[in-house]
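# Architecture and fold: a report
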Amino acid sequence: AAGGSGTVPGEGSGPPAPERVLFPPTFSVSEIKNKQRRHFMFLRWKQQQRKEKLALKKKRRKEREALGDKAPPKAIPKTIENQRVYDETTVDPNDEEVAFDEATDEFAPYFNRQTVPKILITTSDRPRGRTVRFCEQLATVIPNSHVYYRRGLALKRIIPQCIARDFTDLIVINEDRKIPNGLVLSHLPDGPTAHFRMSSVRLRKEIKRKGKEPTEHVPEVILNNFTTRLGHSIGRMFAALFPHDPQFIGRQVATFHNQRDYIFFRFHRYIFKSEKKVGIQELGPRFTLKLRSLQKGTFDSKFGEYEWIHKRREMDTSRRKFHL
């Protein structure tokens, strides 16, 4: 029969046909009516995007290798962090006004080594098991801290008792539906008081590849990206929780890392593999804080004077505007 053994036009002769484009430039997944088909096509579209991105990356690397020293500098990717809107309250370390404020604020006795941190950790009324375990683990991170559980006692009655017993700070862990969701940090005896929303709480048993239990050595404290006047005050509050002169022999470090006004807390131990290589081992617990308000003086929900309150509709108009 004619054409029974014929060949497809173009097969076996000439250059290969160019690869067919999977999706047209104007392709829109939302136009597909069927839900399963829409999901399937979305996954294929994402796969094609990854392949194109990888191919472009390889092409640029080969071009840089071919140019050698004449290759142009690598482009800096645009992120929300490096496009941050400038804040006029950013702290200059050499500013005389900032130095004077630090020498006369409520934390000056601690930084002048006149006081030794003594922390009281308590909870909301009748805490549940997860909150209790979190407080116990937090007490192993902060040296010279003591855990007491409230039984209907108001904070206004707790604070005078703390001052009488020479406590320098009060930490209150609040919970909602058996999950820790808030933290109040009050510096004694004169304040200030900070209220944080707490999220992403992970206890030690919930952390993968965690290390052994922490030791009683005083940890090193690292404060990252607290650049504004408000962030500077919050950073000094966290620093005042830990004693001076960390015991480096314990190889433990507590980190408060501020990124986009979210404060990430991590507790690690250094693992020295050789003279040049070092790793870190997370000990836990871990959690994330978001500042809600900063109040002058000790805790007073009715008549307290607030230095700063987070107002979402007024302050969150730009994703590149940060306050800490």
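Treat the numbers as computed from the prediction; the structure is a model and nothing was measured. (Residues numbered from 1 in each chain as written. Predicted model: local features only at pLDDT ≥ 70, side-chain atom pairs only at ≥ 80, totals over all residues. Heavy atoms only, no water.)

### Quick look at a positive patch on the surface
- On the surface, Lys-46, Arg-50, Lys-53, Lys-57, Lys-58, Arg-61, Lys-62, Arg-64 and Lys-74 cluster together into a positively charged patch.
- Mapping Lys-53 onto the fold places it in helix 1 (residues 35–67).
- What makes Lys-53 exposed here is its relative accessible area of 65%. (Patch = residues over 30% accessible without salt bridge, like charges linked within 9 Å, V, L, I, M, F, W, Y side chains within 5 Å. Areas by Shrake-Rupley, 256 points an atom, 1.4 Å probe, with all protein chains shown as cover. Salt bridge = Lys/Arg side-chain N within 4 Å of Asp/Glu carboxyl O. Lys, Arg positive; Asp, Glu negative; His and termini not counted. Charge placed at Lys NZ, Arg CZ, Asp CG, Glu CD. Helix = DSSP H or I, 4+ residues; strand = E, 2+ residues; numbered from the N terminus. Buried < 20%, exposed > 50% of the residue type's maximum accessible area, 1.4 Å probe, protein only.)

### Considerations on the domain arrangement of the protein chain
- According to the domain assignment, the protein chain contains domain 1 (29–67) and domain 2 (87–316).
- Placing the centre of domain 1 and that of domain 2 at their C-alpha centroids yields a distance of 43 Å. (Domains from an automatic or database assignment.)

### Observations regarding the pairing of strand 5 (residues 193–202)
- Examined bridge by bridge, strand 4 (residues 179–187) and strand 5 share 5 bridges and lie antiparallel to one another. Of the residues in strand 5, the one forming a bridge with Leu-185 is Ala-194.
- Sheet analysis places strand 5 next to strand 10 (residues 286–295), joined by 8 bridges and oriented antiparallel. Counterpart to Ala-194 in the pairing with strand 10 is Leu-294. (Pairing = 2+ DSSP bridges.)

### Observations concerning the pattern of salt bridges
- Following the criterion strictly, the structure yields 9 salt bridges and no others.
- The salt bridge partner of Arg-113 is Asp-245, with a shortest N-O separation of 3.0 Å. Of this pair, Arg-113 sits in the loop between helix 3 (108–111) and strand 1 (119–123) while Asp-245 sits in the loop between helix 6 (229–239) and strand 7 (252–259), and the two are 132 residues apart along the sequence.
- Given the relative accessible area of 52%, Arg-113 is considered exposed.
- Here Asp-245 falls in the exposed class, since its relative accessible area comes to 52%.
- Connected via shared salt-bridge partners are Glu-102, Asp-105 and Arg-236.

### Considering the UniProt feature "domain: Brix" (unreviewed entry) in the protein chain
- Annotation from UniProt places "domain: Brix" (unreviewed entry) at residues 117–300.
- Spanning residues 117–300, this segment combines 18% helix with 40% strand, and its end C-alpha atoms are found 22 Å apart. (UniProt positions renumbered as here; feature names shortened; annotations may be inferred.)

### Thoughts on the packing of aromatic side chains
- For the structure shown, the criterion picks out 10 aromatic pairs.
- A ring pair is formed by Phe-42 and Trp-45, whose centres lie 6.2 Å apart and whose planes are at 35 degrees; its orientation type is tilted. Taken together, the residues Phe-42 and Trp-45, both in helix 1 and 3 residues apart, mark about one turn of the helix.
- Given a relative accessible area of 35%, Phe-42 falls into the partly exposed group.
- Accessibility expressed as a relative area gives 29% for Trp-45, which makes it partly exposed.
- Here the aromatic rings of Phe-134 and Phe-287 are separated by 5.6 Å at their centres, their planes lie at 85 degrees, and the arrangement is edge-to-face. (Phe/Tyr/Trp six-rings, centres within 6.5 Å; stacked < 30°, edge-to-face > 60°.)

### Considerations on empty space enclosed by the protein
- Under the definition given, this model contains 1 cavity of 30 Å³ or more.
- In this structure, the largest cavity spans a volume of roughly 110 Å³.
- If you go around the largest cavity, you meet 13 residues; those closest to its centre are Ile-142, Leu-183, Leu-241, Phe-256 and Phe-287.
- Elements with a minimum of two residues in the lining of the largest cavity: helix 4 (129–141), strand 4 and strand 10.
- Its residues placed into classes, the lining of the largest cavity shows 13 nonpolar, no polar and no charged. (1 Å grid on protein atoms, 1.4 Å probe; cavity = no way out; pocket = protein on both sides within 12 Å on 5 of 7 lines; lining within 4 Å. Points joined across faces, edges and corners; volume = space filled by probe spheres on them. Nonpolar A, V, L, I, M, F, W, Y, C, P; charged D, E, K, R; others polar.)

### Notes on the packing of helix 2 (residues 96–104) against helix 6
- Remark: helix 2 packs on helix 6, axes separated minimally by 13 Å, with the N-to-C direction vectors making an angle of 30 degrees. Two packed elements cross with a definite hand, and for helix 2 against helix 6 that hand is right-handed. Contact with helix 2, carried on its side by Glu-97, Val-98, Asp-101 and Glu-102, involves Arg-229, His-232 and Arg-236 of helix 6 and no other residues of that element. (Axes fitted to C-alpha atoms, helices over the stretch in contact; angles between N-to-C directions. Left-handed = near helix turned anticlockwise from the far one by under 90°. Contact = heavy atoms within 4.5 Å.)

### Examining the nonpolar core
- Within the largest apolar cluster, 40 residues are counted, with the highest numbers of intra-cluster contacts made by Ile-171, Phe-196, Ile-234, Phe-238 and Ile-263.
- Broken down by element, this core gets its largest block of residues, 5 residues, from helix 4.
- Ignoring sequence-local partners within four residues, the contact set of Phe-238 consists of Leu-185, Phe-196, Leu-223, Phe-226, Phe-256, Ile-263 and Leu-289.
- One finds Leu-120, Ile-159, Val-184 and Leu-188 within the second-largest nonpolar core, a separate group that totals 10 residues. (Core = buried A, V, L, I, M, F, W, Y, C linked by side-chain atoms within 4.5 Å.)

### A word on the layout of surface pockets
- Taken as a whole, the largest pocket holds about 510 Å³ of empty space.
- In terms of lining, the largest pocket is formed by 22 residues, of which the most central are Arg-229, Leu-230, Ser-233, Leu-294 and Glu-307.
- Ranked by the residues each element gives to the lining of the largest pocket, the list is headed by helix 6, at 5 residues.
- When grouped by side-chain class, the residues that make up the lining of the largest pocket number 6 nonpolar, 6 polar and 10 charged.
- Empty space within the second largest pocket amounts to approximately 440 Å³.
- In terms of lining residues, the second largest pocket is bounded by Lys-53, Leu-56, Lys-57, Arg-60, Arg-61, Glu-63, Arg-64, Leu-67, Pro-72, Lys-74 and Ala-75.
- When its residues are assigned to classes, the lining of the second largest pocket shows 4 nonpolar, no polar and 7 charged.

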